[in-house]
Amino acid sequence: MCTLEKRGSLYILTLVGPGEHRLNPTLLDAIHSALRRVKAESTSSSSLSSPSSSALITTAEGKFFSNGYDLAWAQSKPSQFKLMSLKLRSVVAEFISLPMPTIAAITGHTSAAGVILALSHDYSLMRRDRGFLYMSELDIGLTIPAWFMALFGCKIGEPAARRELVLRAAKLTAKEAVEKGIIDSAHDSAEETVKAAVAFGEELVMRKWDGHVYAQNRMVVLREVLDKLGSDETVDGLTTTGSKL
């Protein structure tokens, strides 16, 4: 489902396989486990006298970075939406508390919860030759939870850009997403996107920031997101029939 590679001072987390990388509990657990490993290794290899700097890059194989929640899996038992939400929120909390810079190398289509996964990183780079950013909820009749919007509020400065993404369900190319301030840069191919992410990660590592301080500062910047992660009003109270308690 995903692999974790240590390349010098960089960790490369890759969603593997040719599929859509739908965010079901199995994949979310694998990502969470990888992040916990990164955090544990970076903490154990650091000391006050000689801090170790690292950065994490997340990317994916195939045509998709992530096509969002695994809706087909959840539809068999509506309360499973609650489980997916809980596990995604746990993964996002891990990204926010990770003691190093994080970069999403978006190498394919990214929609709905997949956009949330990408924007949970400090920086987002995307290929320009193929792929869209797409918040599909409006088109498929799902309500966006408040914590999604808290993340967008912290990551996307312009209200018009948030409106385009959420209330128009626009499929944005990398070029358009850069112009709207949603992602940081666009690159010619998947390979060039990963290459740029690695170069940028190495540049950040050279700053030799204290990872603990970096994480604490990120948590201050994203305090509104952390405050909202404790609940998801769109799934809280769902029963096995999909009705509200």
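Not measured: the values here are computed from a predicted model. (Residues numbered from 1 in each chain as written. Predicted model: local features only at pLDDT ≥ 70, side-chain atom pairs only at ≥ 80, totals over all residues. Heavy atoms only, no water.)

(A) Region of the structure containing the overall build of the protein. In terms of helices and strands, the protein carries 11 helices and 10 strands. The C-alpha radius of gyration of the protein comes to 17 Å, within 12% of the 18 Å expected for a compact globule of 245 residues. Each principal axis of the C-alpha atoms in the protein carries an extent, and together these give about 55 × 35 × 35 Å. When the 245 residues of the protein are sorted by exposure, 51% land in the buried category. When the accessible surface of the protein is totalled, it reaches about 11,200 Å², and 53% of it is carbon and sulfur. In the protein, which carries 28 positive and 27 negative side-chain charges, the distance between the mean positions of the two groups comes to 2 Å. (Helix = DSSP H or I, 4+ residues; strand = E, 2+ residues; numbered from the N terminus. Rg over C-alpha atoms; globule rule 2.2 N^0.38 Å. Buried < 20%, exposed > 50% of the residue type's maximum accessible area, 1.4 Å probe, protein only. Areas by Shrake-Rupley, 256 points an atom, 1.4 Å probe, with all protein chains shown as cover. Lys, Arg positive; Asp, Glu negative; His and termini not counted. Charge placed at Lys NZ, Arg CZ, Asp CG, Glu CD.)

(B) Highlighting the nonpolar core. Core analysis: the largest hydrophobic core is formed by 58 residues, its most contacted members being Leu-23, Ile-31, Leu-56, Leu-88, Leu-133 and Phe-152. The greatest single-element share of this core, amounting to 7 residues, is contributed by helix α3 (residues 80-97). For Leu-56, the residues in contact, after removing those within four places along its chain, are Leu-4, Tyr-11, Leu-13, Leu-35, Val-38, Phe-95, Leu-98, Met-100, Pro-101, Thr-102 and Ile-103. Judged by nonpolar contacts, the second largest core, of 11 residues, contains Ile-103, Ala-105, Leu-125 and Leu-204. (Core = buried A, V, L, I, M, F, W, Y, C linked by side-chain atoms within 4.5 Å. Contact = heavy atoms within 4.5 Å.)

(C) Molecular detail of the environment of Gly-19. Examined against the element boundaries, Gly-19 turns out to sit in the loop between β2 (10-15) and α1 (25-44). Residue Gly-19 is classed as partly exposed on the basis of its relative accessible area of 35%. Each C-alpha atom of the pair Gly-19 and Gly-62 lies 6.7 Å from the other, and the pair is 43 residues apart in sequence.

(D) The arrangement of the packing of aromatic side chains in detail. Throughout the structure, instances matching the rule amount to 3 aromatic pairs. Here Trp-147 and Phe-148 contribute two aromatic rings whose centre-to-centre distance is 4.8 Å and whose plane-to-plane angle is 90°, an arrangement assigned as edge-to-face. Positioned above the aromatic ring of Tyr-134 is the side chain of Lys-171, whose terminal nitrogen or guanidinium carbon lies 4.9 Å from the ring centre. (Phe/Tyr/Trp six-rings, centres within 6.5 Å; stacked < 30°, edge-to-face > 60°. Lys NZ or Arg CZ within 6 Å of the ring centre and 35° of its normal.)

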